[in-house]
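Structural features, examined
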Amino acid sequence: MPPIYDWRSRLCNVGQVFLQPGQSDMGAMTLGGFLTDNPEPGGRYHLRMSFPPFWKDRARNKDASWTITRLSAGAIMRIPLLPSVQLVSAADLGGTDAGQPWSNGEPWDNGENWGWRPTAPVAAAASRGSASFQADLSEFGPVLVIGDVIGFSQGNLDFAHKVMDISYSAGDVATISVSPPLRRAVTTDDAMQFRPRVMVVCRNASAALAGLTRRNRISLGDLQFVEALL
């Protein structure tokens with residue numbers, strides 16, 4: 001299996017959107033390490049991120065330099081999805097961070113907000129390739145709606161899916177249709193994550209370096225990623 005590199009938490013984006021555009025994409029990574037544009041049943045997700053004009057501190061610029069090199073080499077990156085309109089709000093989940101309510105809108109950049117990862121148990125087994133599964137949301141109520149992004153972690157791998165349809169039964173057990181389909185089978189030992197991470201490769205690595213100001217400020221361009229299939 002090719003190495004998977006964690007996104008540097010200091011490189012906090014100012015814009016991030018999870019997309020599920022179609023059945024075939026160029027630039028996705030297979031288990032053997034090959035870039036492919038073959039059609040994939042259910043399609044692959046995309047991720048787009050934008051960044052501030054530049055960072056002033058030396059540590060962030062070092063991280064940006066390292067990241068540009070990794071992206072240019074076709075590395076697989078593991079990137080947390082930050083709180084946005086595409087995720088269930090922390091207020092709905094009853095979450096706080098470092099003693100502060102999540103509703104205060106603080107733009108933390110120390111990685112602490114990435115560490116809070118609420119989950120809901122899977123309510124019934126579902127096979128790999130399935131377009132739906134069930135989760136027990138009795139702890140939170142019917143907070144999940146169409147358009148939200150959820151995910152799973154198994155071993156060192158992370159998977160993300162967009163909710164395309166959802167229905168609730170008594171006791172707030174949700175039947176959830178997702179895109180792309182499940183990349184691994186899930187059982188009642190697994191948990192659905194409200195703060196998923198994606199595993200992706202960069203489609204426009206040549207545009208990653210947007211600028212270098214006075215030799216000490218690196219600017220990252222808008223980045224486009226596609227799901228790495230592992």
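Refer to the structure above for everything that follows.
What counts, and at which threshold
Residues numbered from 1 in each chain as written. Predicted model: local features only at pLDDT ≥ 70, side-chain atom pairs only at ≥ 80, totals over all residues. Heavy atoms only, no water. Helix = DSSP H or I, 4+ residues; strand = E, 2+ residues; numbered from the N terminus. Contact = heavy atoms within 4.5 Å. Areas by Shrake-Rupley, 256 points an atom, 1.4 Å probe, with all protein chains shown as cover. Core = buried A, V, L, I, M, F, W, Y, C linked by side-chain atoms within 4.5 Å. Buried < 20%, exposed > 50% of the residue type's maximum accessible area, 1.4 Å probe, protein only. Salt bridge = Lys/Arg side-chain N within 4 Å of Asp/Glu carboxyl O. Expected span 1.5 Å × (residues − 1). Arc of directions from axis to C-beta. Pairing = 2+ DSSP bridges.

1. Regarding the overall build of the protein
Summing up its helical and strand segments, the protein has three helices and 18 strands in all. Taking the contacts inside the protein whose residues are at least 6 apart along the sequence as the reference set, 72% of them involve residues at least 24 apart. Only carbon and sulfur atoms are counted for the fraction: they give 50% of the accessible area of the protein, which is about 10,900 Å².

2. Observations concerning the nonpolar core
Judged by nonpolar contacts, the single largest core of 27 residues is most densely connected at W7, I79, V198 and F225. Where this core is concerned, the elements lending two or more residues are β5 (39-50), α1 (58-72), β6 (76-80), β15 (197-202), β17 (217-220) and β18 (223-227). When neighbours within four sequence positions are excluded, F225 is seen to be in contact with W7, Y45, H46, L47, M49, L71, I79, V200, V201, C202 and R203. Listed in part, the 22 residues of the second largest apolar core include V88, A126, V163 and F194.

3. Points about the pattern of salt bridges
Enumeration according to the criterion identifies eight salt bridges in this entry. Two residues, R117 and D158, come together in a salt bridge whose shortest N-O distance is 3.9 Å. A residue pair is termed long-range when its members are at least 10 positions apart, and R117 in the loop between α3 (112-115) and β9 (119-124) and D158 in strand β12 (residues 157-168) qualify at 41 residues. Its relative accessible area of 2% is what places D158 among the buried residues.

4. Things to note about α1
Over its 15 residues, α1 extends 21 Å from the first C-alpha to the last, a length consistent with the 21 Å expected when each residue adds 1.5 Å. Along α1, the residues that are buried comprise R60, N61, D63, A64, T67, I68 and L71. Along the axis of α1, the buried residues cluster in a sector spanning 155°; they form a single face. Residues R58, K62 and T69 are exposed on α1 and point more than 90 degrees away from its buried face.

5. Concerning the pairing of β9
The pairing of β9 with strand β14 (residues 191-193) spans three bridges and is antiparallel. Bridge pairing links P121 to A191 in β14. Direction of pairing for β9 relative to strand β10 (residues 132-136): antiparallel, over a ladder of two bridges. Bridged to A124 within β10 is Q134.

6. Some details on the side chain of S219
Within the secondary structure, S219 is located in strand β17. Residues contacting S219, with those up to four places away along its chain left out, are P53, A208, L209, A210 and G211.

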